[in-house]
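# Chains, contacts and geometry: an overview
Below, each chain spelled out in residue letters.
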Amino acid sequence: MFRSTRPPARRPSAVAPLVLATRLLQETLRFQQPPDALLSDAFRGPQRVGPRLRQAVGDALYAALRDLPRWHALTTVLQGQGGAPLDVARCRTQPDWCDSVIRLAWPVAALPALAEADASAAAEVGDWQARARAVDITPIPDTVRLGLPDWLIERLRSAVGPEIDALAAALRHPASLDLRVNALRAKRPAVLAELQAAGLPAEATPHAPWGIRLPARVPLQGLAVYARGAIEVQDEGSQLIAALVGARRGETVADFCAGGGGKTLALGADMRDTGRLYAFDTVVCRLDALPARARRAGLTQVHPMAIAHERDERLQRLAGKIDRVLVDAPCSGLGTLRRHPELMWRHTPATVAKLAALQQRILAAAAALVRPGGRLVYATCSLLAEENEAAADAFTTALRGDFVRLDAQALLADARVDDPASVVEGGALRLWPHRHGTDGFFAVAWQRRG
């Protein structure tokens, strides 16, 4: 029998956590894959990797991404970079340089978990901490103090003014775990009681009528309440967007940019699995898991459809026939920095401008599907006015009165949302992590004239 002479692949567990986390961070900064996908790939295979190592490496990776601005100052002092910030683009083309920077300025918050997982890293950790304590970073620039790129600080300060410090602090803090109770399977009080009986500190979300909040991520797959489809992971802000759509029994509804289908499932529950619910997306793999998720949720009227682009000819047969259309538009995702801190370094003003143009094209195409008297909802998980208020105003102007803006507060009140006034600004749903404990979201609704 032929036996390969190739040495076996080294297991992640055989690699020092500090080395593995460094490699994953370096790969993240090339922006070819998101960090959660890189983590999943690193531990995939038949090998048994303990949860302690997984947790330590994951915590270190995300702590590093949140602490990138501190590297600006540390690399300046310790490596003599002449005042230049950490060059994320350079990490893509010069991995050796990136590796040296990462090792020199590993975030303090990540070190205890790494040292605990692997005692061999303790000496390197202690040496780094000693050097970090000796560094005098004065004056502290805003990008280090707030943990955000300069261009983003400028835009957010114009939006929230003196609240910028509170917003930046909220964005650096890991997100809570929000759940949506599936109305087809259970009631919120019963699910709350079941989770609390399992020892989980679950509580009702302050606004969404089906929401439950846990302070941190926990494994749900082993819980009976999850297995029977009574709960779905969904941020409270995302639940409020679905509530703004106001889907009803027997209607025809479209989720124009469905992605993984989280909002699709929420709309299907609101429709009580009646009518017809379309889920469109241009990326086929995003829709792959939706049929299985729909079955677990008890939904039979969900119809995923991969489209080539927003002008796909197959959409024409639905023109003017849809009761409610949700456009959860592709955006910068900067409202999700608590979960995806790498996005602040992936985007620039130029990429945001390109996204804003795409959003207008998608919104115009989706509007053509809405029947007279029907509702159109535009939403993003962005914090930026270019993708939010400016996009909504541009659409309203371009349609010359074909669509009339609706008051989000009234719509949310109809959906039994608690204290809707506190989540509405200028007639639109506007959520901020430091004010509402959710990701950053924006949504506005229109009605098509009859």
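Bear in mind the structure is a predicted one, so any value in this text is a computation, not a measurement.

## With respect to the overall build of the protein
- Per the secondary structure count, the protein includes 22 helices and 13 strands.
- Counting every position in the protein, which comprises 450 residues, the buried fraction comes to 52%.
- A fraction of 72% describes how many contacts in the protein between residues 6 or more apart in sequence connect residues 24 or more apart.
- Carbon and sulfur atoms make up 53% of the accessible area of the protein, which amounts to about 20,000 Å² in all.

## Here's the deal with helix H3 (residues 51-66)
- Taking 1.5 Å per residue, 16 residues should reach 22 Å; H3 reaches 22 Å between its end C-alpha atoms and fits that length.
- For H3, the set of buried residues is Leu53, Ala56, Val57, Gly58, Ala60, Leu61, Tyr62, Ala63, Ala64, Leu65 and Arg66.

## Quick notes on helix H19 (residues 349-367)
- Here H19 is 19 residues long and its end C-alpha atoms lie 27 Å apart, about the 27 Å a rise of 1.5 Å per residue gives.
- Buried within H19 are the following residues: Val352, Leu355, Ala356, Gln359, Ile362, Leu363, Ala365, Ala366 and Ala367.
- The inward-facing, buried residues of H19 abut helix H10 (150-160), strand E8 (322-328), strand E9 (370-380), helix H20 (389-398), strand E10 (403-405) and strand E13 (441-448).

## Observations regarding the environment of Ala308
- Of note, Ala308 is situated in the loop between strand E7 (302-306) and E8.
- In this structure Ala308 comes out as exposed when scored by relative accessible area, which is 57%.
- Residues Ala308 and Asp281, spaced 27 residues apart in sequence, show a C-alpha to C-alpha distance of 8.3 Å.

## A closer look at the packing of aromatic side chains
- Applying the stated rule across the entire model yields four aromatic pairs.
- Relative to Phe280, the ring of Phe256 has its centre 5.9 Å away and its plane inclined at 80 degrees; by these criteria the two rings are edge-to-face. Remark: Phe280 occurs in strand E6 (residues 276-281) and Phe256 occurs in the loop between strand E5 (252-255) and helix H15 (262-270); sequence separation between them is 24 residues. Each member of the pair Phe256 and Phe280 is classed as buried.
- Directly above the aromatic system of Tyr226 lies the positively charged group of Arg296, at a separation of 4.1 Å from the ring centroid.

## Some remarks on the state of the cysteines
- According to the stated counting rule, one finds zero disulfides in the structure shown.
- Not part of a disulfide, Cys381 finds its nearest cysteine sulfur in Cys331, a span of 3.5 Å.

## Considering the layout of surface pockets
- Taken as a whole, the second largest pocket encloses approximately 370 Å³ of empty space.
- Looking at the lining of the second largest pocket, the elements with two or more residues in it are strand E1 (177-181), helix H14 (236-245) and H15.
- Here the lining of the second largest pocket takes four residues from H14, the largest share from any one element.
- Its residues assigned to classes, the lining of the second largest pocket shows twelve nonpolar, two polar and seven charged.

## Considering the sheet that holds strand E4 (residues 231-233)
- A sheet is described by the order of its strands in space; here four strands give the open sequence E2-E3-E1-E4, paired in antiparallel fashion. Where the open sheet ends on each side, the last strands, each with one partner, are strand E2 (203-204) and E4.
- Looking at chain direction, E1 and E4 are connected through three bridges and run antiparallel. Bridging across to E4, Val181 finds its partner in Ile231.

## Things to note about the packing of helix H2 (residues 35-42) against H3
- Running from N to C, H2 and H3 cross one another at 155 degrees; their axes reach a closest spacing of 11 Å. Classified by the angle between their axes, H2 and H3 sit roughly antiparallel to one another. For the pair H2 and H3, the crossing hand works out as right-handed. Side by side, H2 and H3 meet where Pro35, Asp36 and Leu39 of the first sit next to Val57, Gly58, Leu61, Tyr62 and Leu65 of the second.
- Here the contact of H2 with H3 is built from residues that sort into six nonpolar, one polar and one charged.

## Side note on the pattern of salt bridges
- As enumerated under the stated definition, the model contains 23 salt bridges in all.
- Notably, a salt bridge pairs Arg213 with Asp178, separated by 2.8 Å at the nearest N-O pair. Placement of Arg213 in strand E3 (residues 211-214) and of Asp178 in strand E1 is noted, with a sequence separation of 35 residues between them.
- Among the residues examined, Asp178 registers a relative accessible area of 2% and is labelled buried.
- In this structure, Glu236 engages Arg213 in a salt bridge whose closest nitrogen and oxygen atoms are separated by 3.2 Å. Note that Glu236 is positioned in helix H14 and Arg213 in strand E3, a separation of 23 residues in sequence.
- Where salt bridges share partners, they join Asp142, Arg145, Arg157 and Asp165 into one cluster.

## Overview of the packing of H14 against H15
- Across the interface, H14 lies against H15 with an axial gap of 9 Å and an inter-helix angle of 45 degrees. By the criterion of interaxial angle, the relationship of H14 to H15 is oblique. Our pair here, H14 against H15, has a crossing hand that is right-handed. Facing Ser238, Ile241, Ala242 and Val245 of H14, the residues of H15 in contact are Lys263, Ala266, Leu267 and Asp270.
- Partitioning the contact of H14 with H15 into residue classes produces five nonpolar, one polar and two charged.

## Considerations on the confidence of the model for the protein
- For the protein, mean pLDDT is 85; residues scoring 70 or higher make up 79% of the total.
- Confidence drops under pLDDT 50 across residues 1-14; counting only partners more than four residues distant or on other chains, this segment forms eight contacts.
- Across residues 78-86, confidence stays below pLDDT 50; counting only partners more than four residues off in sequence or on other chains, it has 20 contacts.

## Side note on the side chain of Arg188
- As for its position among the elements, Arg188 is in helix H12 (residues 188-197).
- Although Arg188 is buried, it forms no salt bridge, and the closest oppositely charged side chain is Asp418 at an N-O distance of 4.9 Å.
- A polar contact of 2.9 Å, which involves the side chain of Arg188, links it to the backbone oxygen of Ala208.
- The contacts of Arg188, once residues within four sequence positions are left out, are Val181, Ala204, Thr205, Ala208, Pro209, Trp210, Gly211 and Ile212.

Criteria and cut-off values
Residues numbered from 1 in each chain as written. Predicted model: local features only at pLDDT ≥ 70, side-chain atom pairs only at ≥ 80, totals over all residues. Heavy atoms only, no water. Helix = DSSP H or I, 4+ residues; strand = E, 2+ residues; numbered from the N terminus. Buried < 20%, exposed > 50% of the residue type's maximum accessible area, 1.4 Å probe, protein only. Contact = heavy atoms within 4.5 Å. Areas by Shrake-Rupley, 256 points an atom, 1.4 Å probe, with all protein chains shown as cover. Expected span 1.5 Å × (residues − 1). Phe/Tyr/Trp six-rings, centres within 6.5 Å; stacked < 30°, edge-to-face > 60°. Lys NZ or Arg CZ within 6 Å of the ring centre and 35° of its normal. Disulfide = S-S within 2.5 Å. 1 Å grid on protein atoms, 1.4 Å probe; cavity = no way out; pocket = protein on both sides within 12 Å on 5 of 7 lines; lining within 4 Å. Points joined across faces, edges and corners; volume = space filled by probe spheres on them. Nonpolar A, V, L, I, M, F, W, Y, C, P; charged D, E, K, R; others polar. Pairing = 2+ DSSP bridges. Axes fitted to C-alpha atoms, helices over the stretch in contact; angles between N-to-C directions. Parallel < 35°, antiparallel > 145°, perpendicular 65-115°, else oblique. Left-handed = near helix turned anticlockwise from the far one by under 90°. Salt bridge = Lys/Arg side-chain N within 4 Å of Asp/Glu carboxyl O. pLDDT = per-residue confidence, 0-100. Lys, Arg positive; Asp, Glu negative; His and termini not counted. Polar contact = N/O pair within 3.5 Å; in protein donor to acceptor, adjacent residues only side chain to side chain.

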